[in-house]
Structures are given as structure tokens and as C-alpha cells.
Amino acid sequence: MSSPIRVLVAKPGLDGHDRGAKIIARALRDAGMEVIYTGLRQTPEMIVNAALQEDVQVIGLSILSGAHNAIVPRLMELLRQNEMTDVKVIVGGIIPDDDAEDLKRQGVAAVFQPGASLETIVEFIRGASQPVTTGQNH
Amino acid sequence: MRTTISGVPVDAVYGPEEFPDPAPAGQFPYTRGIHPNMYRDRLWTMRQFSGFGTPEETNARYLYLLRQGQTGLSVAFDLPTLMGYDADDPLSDGEVGKCGVSIGSLEDMEILFAGIPLADVTVSMTINSPASILWAMYLVVAEKQGARWERLSGTLQNDILKEYIAQKEYIYPPRPSMRLVTDTIEFGASHTPRFNPISISGYHIREAGSTALQELAFTLRDGIEYVDWALERGLAIDAFAPRLSFFFNAHSDFFEEIAKYRAARGVWARLMRDRYGAKDERSWKLRFHAQTAGCSLTWQQPQNNIVRTSLQAMAAVLGGAQSLHTNSLDEAYALPGEHAVTIALRTQQVIAFESGVTAEPDPFGGGYFLEHLTRDMEAGAQDYIAQIDGMGGMIAAIERGFPQSEIANASYKYQREVESRERIIVGVNGFTESEQQPIELLEIDRTAEARQVRKLEFLRARRDSNRVAASLDALRETALHTANTMPCILEAVRAYATLGEICNALRDVFGSYKETSIV
């Protein structure tokens, strides 16, 4: 049987508006995923380190402050340096269309803008994560 | 069953139950308004929250808004300023000037208010953890303009409790933070009799996903906490209570919002008179600023946001607000552009000068539905207040995560209702359109960060570094003990110590706060 998808929900930068991050964390948990929420003010280094420790398949970043162009490229670079490019990165928040395209070109799997439904996000993560199959039943 | 946006059940029709006639506006407990004639005598202050990029750019926006008929200023600071970091701090990377204006020292504050007479214009500053430092900068700029502190009028947000509860822009742990707030209340009571040293805020609690009742109840309970600390400091209730001000959200459920403002006034007046024995009528009157609900703005069909904002602003006016900010149609995307902010200001002007709703205080007062909602809102707030009293006060409640989890539960429940289309949001989960028309957006100049960093370098090179170091040492020493920190902060500001340096001096003594995240 497949084990649940593991997701790290992270809130990078100085912004403290965590309503969205918390709703997403709860919705993914309700959808049967294992969710680790980092809490606030995480640097890209802290997030990549947590992703490594927690062995997640997906990192979800919530960014509302306009700092995504500084934060996301650093995070993607750190993932490359750590050979973690199989980890899918999704970004949610206030991301203008042009920036969303830029982020995708840098390897972000999806960008969810305001109004995106929880169901769409859950389905995207399910589709994008390779279910880990274990050799035997536990 | 039909419910308000906060999930409160609403019966089919309300009839004449046994509602006592509410006292007229201007009479205790001020349910119908704090002044007998309300807007017949004086309109609310139209105060658009604004700030972006460098102080030079924001100063130009302020001069523009004043020329357009705005009657007060409201400063939005960027995240590094809100969190007490200099523009050249590594943690500020990518954030300088993005969500507001970057203010790093007295020099930036001088630029921000160049050509704006602080003796005549009232200014509100949305700043919390470093509030006393930004206020000190403001006071020194006013002094340099020749304005006497006794004449200054305005508002410092300075509400740290709602940061732990909702917005999360805190630096130090709760108790030293409360000491800093109490320092400003005490300093204001003797130096700035017309300035509101605090704006006790429900706005951010609501934006974090609370119900209307939670917004009201947690805000009033925060107010009680500030009062208790000021009394503990030795201030007399009537020496500071008249200058406590409030800030509420103006959300979409029209009558529920009006009931919330009415209940706020009634509950606060009774608390002040009966719980604290305030004798001065001004201590009983709850004055508030309102801002339309940022969280209600949609990315889809953004022009609809003008309509949402108009209805929300109308609720604030019919609820007796003393000042008002109307959001701009583009704020689900970015900070407002000039065209969008002008429409938002015009919305207030249309309500004020065309709609006729200013003719009478509390025109819905006495209506069955509104009186019913008001009564339930008051009772619900009193229940929450008693519950938090039972926990030992708001700091204890925050430490056990009580308001945070109440809000998180309400927020998730609401989102689920939107998801299942029990609640329709026009353009988002109903009446959708496949094509989205692009709107014009404000672009923050990408060179703002570099310019702010360079300005700091020049400043550090030319100021008297011995005076800066001595002022920071004195501040650390004072922070270790119990004297009021404001005089030391004023001296550090006058010496052109930077915001980050002053906050770091206090971090040395108070430490930094880390919350336990509640999902």
C-alpha cells in the first residue's frame, strides 16, 4: 500500500499573515496527507533543511508580501545544490501573472493565486506526487 | 438555516420583542453614537492607509492625497520597518518598500513629512512592535517643524496583543512588549494630550478569519488588558482612558457590522464606568477607525471590489465610525495604484456628500433586526470577556493559544463553506467568467531597496557614532529596570540611531518571541 503524501507548508519572509498557510495545512491534512507546518519567518535555508529532515515530496510556500522574487529563486537553488530537485515546489499567494510565469520557468510546479479552490490544490498535489510504494504491507 | 457571514443564525422575520428604546446618540451607553448629532456636525475623517517604496515616493503620494481632499494621513510601513530591521539586514532582502514605506531613521521620517505641517494634519501610524521608536521619530520631526507636542493629533496603532493573536508582527515576548506600550500611554498622558497612543484593533483579527463576534470580543478584552497595565503603572483611569482609540473591520455582512459597532460602544461604556469607575464621560466613549475588509477583495472581476467596498463603507458610516479607510479595487493584486486609490477616496466622498445617510445618527436604530443583532453581539462579547478573565487575562489566553485557535477554526469553517458553495462569492465560486480583464497595477520601484541601503551607509558615516553608542547603552540600561523608555528612545532617535539598532538594543534585553504554531 502507498504511504501518505508528505507536504511541508512553509511561510518564508518577514510577513506574518498566516491565514492561507494554516487553511492549506488543514485542508491537505483533511485530504489524508501528512503535513508539517514550519511556522513563520523561515529562510530558504531553514525550509530546505526541514524538507530534507522530514523527507517530504512537496514544499508549499505561502507568500503575500511581494518578496517571492527574492525568496523562491534562492530556495530553488538550494534544492539543486542538495540534489532535491524531485521535491515539487508550489507557491500560493499574491503573485502577479508575469512573476508566476517566471517562477514556473525556474522550476516551480504550480502557482496558486487568490481564489484558487482547496480542491484544485489538493488534486494538483495528488497528481504531482509520486506515491511511494513500499515493498511489503505493514 | 440562513446565517450571517459569521455563521450566526438569522430567524425569518424579527418582530417587536421587548427591546428597551436605545438611548439617543450622545448619551450613555452611546449605542447609537458618541455625539448627539454625529455627522450633521462633523463628517468622519477620510484617511487612506498609504505607503510604499522610499519616503520620497510616499511623501509625493501624501501630498497628492491631501490635494485630492483627503483629511488625514495614515502611514503604511514596509515589513522590515514593522519587524525592526534595517534595510541592509539580510532578513530584509526583497522586502524593502514592498508592503509599505521603508523608514530606517529620523532622516527618513523628515523626508516622509517634508512640506506637511504636523501641527495641522492628523497622522495615523500603523506600527506595533517598534511603535515607540517610530513615534519618537515623529515627535522629533514635529519639534523640528516648530510644532508643539501638545498640539499634535493623531494615532499610533501600538496594539501588540492583536499581533500575537492574529497578525504576527511581534519582536519581543508579550510582557516586555506590554511594558513598552504602557510606556507610550504614560508618556502620552503627560506630553501629548491630543494624541491617541494606541488603536486597539479588531481589524487584523477579522482579517485572520475570525467571526464578527470574535473580532469584537477579543478587541475589547485586549482593551481591558491595556487598561489594567496602565492602572498597575499608577495612572488614574481618567488620565488615559479618553485617549484609547479603537480600529474595527468593515466586513460584508451589512447589519451584522452595524450591530458590532453599536455593541462595541455599549459594552465599552459599561466596562469603563462600572468595572473601572471612570468618571470622565470621555473615558466611556469608544471612538473608532474603520477599514473595509481587505480579505473580502477578490482577484477575479476586480471591478466588483468597488461595490463591495462601497457597501462596507456604508456599514461603517451607519455604524458611527470616526474615521474610515476604503480599500482600492486592485488590492487583491498589489498596493493600490493612484487611479484605484482615488476611486476609493471618491467612494467615501459620494457617501458623505450625495447619499444623505449623514442626515441622522444611527438611522437603523430601533429596527427589530438590528436591535436583536446588537443585543446578541453584546451578550456574546461579555461571555468571551468573562471566559478570558477566567483564564487570567489576555496574555495567559494567548499563551495557551485560545484566541488563535478560535480564529483558526472560524477561518477554516468559512473557507469550507466557500468551497462547498454554501457561501457564494461573486466572481469566485459563482457568476464566474473565463476571461479576466487585466487591470493597471502599481509597480514598486526595484531600486528602492538599494537606495534605502545607500542612504543608511551615508548616515552611518556622518553621524556622531559616540553619541549613538551612548544613547543605545542608556536605552539597554533603562530597559533592564522599570523607568519609562521613551526619553532614552527619543535621545537615540535624535542621535540618528537606526531603527534596527534601537530594536536590537531592546532585543539584547528582552529577547525575541517565537510562537507555537497552531494549525
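The present account deals with the structure reproduced in this document. Residues take numbers from 1 onward in each chain, read along the sequence in its written order. Starting at A for chains and at 1 for ligands, labels are handed out in the order in which the entities are written. The predicted origin of the model limits local features to residues at a pLDDT of at least 70 and limits the giving and counting of side-chain atom pairs to 80 or more, whereas totals for whole chains, interfaces and linings rest on all residues. Each side-chain value is derived from all of the structure's non-hydrogen atoms; neither hydrogens nor water enter the calculation.

**Observations regarding the overall build of chain A**
Step number 1: In terms of helices and strands, chain A carries five helices and five strands.
Step number 2: Think of it this way: any DSSP run of H or I at least four residues long counts as a helix, any run of E at least two long counts as a strand, and we number them from the N terminus. For chain A, the succession of helices and strands along the chain, N to C, is β-α-β-α-β-α-β-α-β-α.
Step number 3: Put simply, the radius of gyration uses C-alpha atoms, and a globule should come to 2.2 Å times the residue count raised to 0.38. Taking 2.2 N^0.38 as the reference for a compact globule, 138 residues should give roughly 14 Å; the C-alpha atoms of chain A span a radius of gyration of 14 Å, in line with that estimate.
Step number 4: Taking the principal axes of its C-alpha atoms as reference, chain A extends roughly 45 × 35 × 25 Å.
Step number 5: Burial classes: relative accessible area under 20% of the type maximum marks a residue as buried, over 50% as exposed, and values in between as partly exposed (1.4 Å probe, protein chains only). Relative to its 138 residues, chain A shows a buried fraction of 51%.
Step number 6: Method for areas: the Shrake-Rupley scheme with a 1.4 Å probe, in which residue coverage is limited to the protein chains shown. Taken as a whole, chain A presents about 6200 Å² of accessible surface, with 49% of it coming from carbon and sulfur.
Step number 7: Note on charges: Lys and Arg go in the positive column, Asp and Glu in the negative column, and His and the chain ends are not counted at all. By convention, charge coordinates are those of NZ in Lys, CZ in Arg, CG in Asp, or CD in Glu. A distance of 5 Å separates the average location of the 13 positive side-chain charges in chain A from that of its 17 negative side-chain charges.

**A few points about the side chain of Lys168(B)**
Step number 1: In this structure, Lys168(B) sits in the loop between helix 5 (161-167) and helix 6 (174-191).
Step number 2: Those residues in contact with Lys168(B) that lie beyond four places of it in its chain are Gly16(A), Asp18(A), Lys22(A), Leu40(A), Arg41(A), Glu163(B) and Glu515(B). Between two residues, a contact is recorded if the distance between any of their heavy atoms is within 4.5 Å.

**Looking at a nonpolar patch on the surface**
Step number 1: The patches described consist of residues with a relative accessible area above 30% and no salt bridge, like charges being joined within 9 Å and nonpolar side chains (Val, Leu, Ile, Met, Phe, Trp, Tyr) within 5 Å. Here, a salt bridge means any Lys or Arg side-chain nitrogen found within 4 Å of an Asp or Glu carboxyl oxygen. There is a patch of nonpolar side chains on the surface, built from Ile424(B), Val426(B) and Phe431(B) and spanning about 300 Å² of accessible area.
Step number 2: With respect to the secondary-structure elements, Ile424(B) resides in the loop between helix 16 (402-419) and helix 17 (448-462).

**Topic: the interface of chain A and chain B**
Step number 1: At the junction of the two partners, chain A supplies 36 residues and chain B supplies 39 residues.
Step number 2: Buried area is calculated as the accessible area (1.4 Å probe) missing from two parts once they are joined, with the contributions of both summed. A buried area of about 3000 Å², summed over both sides, lies between chain A and chain B, and 55% of it is on carbon and sulfur atoms.
Step number 3: Looking at the side of chain A facing chain B, the largest losses of area belong to Leu14(A), Arg19(A) and Arg26(A), adding up to 26% of the total buried there.
Step number 4: For the interface between chain A and chain B, the tally reads three salt bridges.
Step number 5: Among the secondary structure elements, those contributing two or more residues to the side of chain A that touches chain B are helix 1 (19-30), helix 3 (68-81), helix 4 (97-105) and helix 5 (118-128) of chain A.
Step number 6: A total of eight residues in the side of chain A that touches chain B trace back to one element, the largest contributor, which is helix 1 of chain A.

**Comments concerning the nonpolar core**
Step number 1: Only buried residues count toward a nonpolar core, which is a set of Ala, Val, Leu, Ile, Met, Phe, Trp, Tyr and Cys residues joined through side-chain atoms within 4.5 Å. Within the largest apolar cluster, 95 residues are counted, with the highest numbers of intra-cluster contacts made by Ile125(A), Trp268(B) and Met272(B).
Step number 2: In terms of residue count, helix 10 (residues 254-275) of chain B provides more of this core than any other element does, ten residues in total.
Step number 3: Once residues within four sequence positions are removed from consideration, Trp268(B) is found in contact with Leu220(B), Gly223(B), Ile224(B), Val227(B), Leu244(B), Phe246(B), Ser283(B), Trp284(B) and Leu286(B).

**Brief notes about the packing of aromatic side chains**
Step number 1: Whether two aromatic rings pair depends on their centres lying within 6.5 Å, for rings of Phe, Tyr and Trp, where Trp uses its six-membered ring; planes under 30 degrees apart make the pair stacked, over 60 edge-to-face, and the rest tilted. According to the stated counting rule, one finds 29 aromatic pairs over all chains in the structure shown.
Step number 2: Ring geometry for Phe28(B) and Tyr30(B): centres 6.1 Å apart, planes at 75 degrees, overall edge-to-face.
Step number 3: On the basis of relative accessibility, which here comes to 1%, the residue Tyr30(B) falls in the buried class.
Step number 4: Ring pairing ties together the aromatic residues Tyr62(B), Phe113(B), Trp135(B), Tyr138(B), Trp149(B), Phe187(B) and Phe195(B), which thus form one cluster.
Step number 5: Directly above the ring of Tyr170(B) sits Arg41(A), whose terminal nitrogen or CZ lies 5.5 Å from the centroid. Charge over a ring is defined by NZ of Lys or CZ of Arg lying within 6 Å of the ring centre and within 35 degrees of the ring normal.

**A short note on the sheet that holds strand 4 (residues 88-93) of chain A**
All names here are of chain A.
Step number 1: Judged by pairing direction, the sheet is parallel, and its five strands sit side by side in the order 2-1-3-4-5 without closing on themselves. Unpaired on one side and paired on the other, strand 2 (34-37) and strand 5 (110-112) mark the two borders of the sheet. Adjacent strand axes in the sheet meet at a mean angle of 20 degrees, parallel and antiparallel pairs treated alike.
Step number 2: Whether two strands pair comes down to DSSP finding at least two bridges between them. Both strand 1 (residues 6-10) and strand 2 contribute to a ladder of four bridges, which runs parallel. Its bridge partner being in strand 2, Arg6 is matched across the sheet by Glu34.
Step number 3: Note on geometry: axes are C-alpha line fits, over the in-contact stretch for helices, and angles between N-to-C directions span 0 to 180 degrees. Contacting strand 3 (58-63) and strand 4, helix 3 crosses the sheet at an angle of about 165 degrees to strand 3.

**Quick look at the pattern of salt bridges**
Residues and elements named next belong to chain B.
Step number 1: Applying the stated rule across the entire model yields 50 salt bridges over all chains.
Step number 2: A salt bridge links Asp389 to Arg275; the shortest N-O distance between them is 3.0 Å. Residue Asp389 is found in helix 14 (residues 368-391), and its partner Arg275 is found in helix 10; the two are separated by 114 residues along the sequence.
Step number 3: Look at Asp389 and you get partly exposed, because its relative accessible area is 28%.
Step number 4: In this structure, Glu417 engages Arg423 in a salt bridge whose closest nitrogen and oxygen atoms are separated by 2.7 Å.
Step number 5: Owing to a relative accessible area of 11%, Glu417 belongs among the buried residues under this scheme.
Step number 6: Residues joined in a network through salt bridges with shared partners are Asp86, Asp88, Arg460, Arg463 and Glu501.

**Notes on the packing of helix 1 (residues 55-67) of chain B against helix 13 (residues 338-353) of chain B**
All names here are of chain B.
Step number 1: Between helix 1 and helix 13, whose axes approach to 11 Å, the crossing angle comes to 35 degrees. Judged by the sense of rotation from one axis to the other, the crossing of helix 1 with helix 13 is right-handed. Across the interface between the two elements, Arg61, Tyr64 and Leu65 of helix 1 pack against Glu338, Val341 and Thr342 of helix 13. By the definition used in this description, the sense in which the near helix is turned from the far one sets the handedness, with an anticlockwise turn below a right angle giving left-handed and a clockwise turn giving right-handed.

**What about helix 4 (residues 131-145) of chain B?**
All names here are of chain B.
Step number 1: Every helix has an expected span of 1.5 Å times one less than the residues it contains. Here helix 4 is 15 residues long and its end C-alpha atoms lie 21 Å apart, about the 21 Å a rise of 1.5 Å per residue gives.
Step number 2: Among the 15 residues in helix 4, twelve count as buried, and that is most of the element.
Step number 3: Turning to helix 4, its buried residues are Ala131, Ser132, Ile133, Leu134, Trp135, Ala136, Met137, Tyr138, Leu139, Val140, Val141 and Ala142.
Step number 4: Gly146 lies just past helix 4 and shows a positive phi near 90 degrees.

**Thoughts on the sheet that holds strand 3 (residues 73-76) of chain B**
Residues and elements named next belong to chain B.
Step number 1: One open sheet accounts for five strands, arranged 2-3-4-5-6; its pairing is parallel. The outermost strands of the open sheet, each flanked by one partner alone, are strand 2 (49-50) and strand 6 (195-196).
Step number 2: In terms of strand pairing, strand 4 (residues 123-126) meets strand 5 (residues 154-156) through three bridges, oriented parallel. Across the sheet, Met125 pairs through a bridge with Leu156, a residue of strand 5.

**Here we look at the environment of Pro363(B)**
Step number 1: Within the fold, Pro363(B) resides in the loop between helix 13 and helix 14.
Step number 2: A C-alpha to C-alpha distance of 9.2 Å links Pro363(B) and Gly319(B), two positions 44 residues apart in sequence.

**Comments concerning unusual backbone geometry**
Comment: phi is negative for the bulk of residues other than glycine, and the bulk of peptide bonds are trans.
Residues and elements named next belong to chain B.
Step number 1: Along the chain, Phe28 connects to Pro29 via a cis peptide bond; the corresponding omega equals 0 degrees.
Step number 2: With respect to the element layout, Pro29 can be found in the segment before strand 1 (45-46).
Step number 3: At Met38, a residue that is not glycine, the phi angle is positive and equals roughly 45 degrees.
Step number 4: If you trace the backbone, Met38 turns up in the segment before strand 1.
Step number 5: Classification of Met38 by relative accessible area gives buried; the value is 6%.

In short, shape yes, function no, at least from these values alone.
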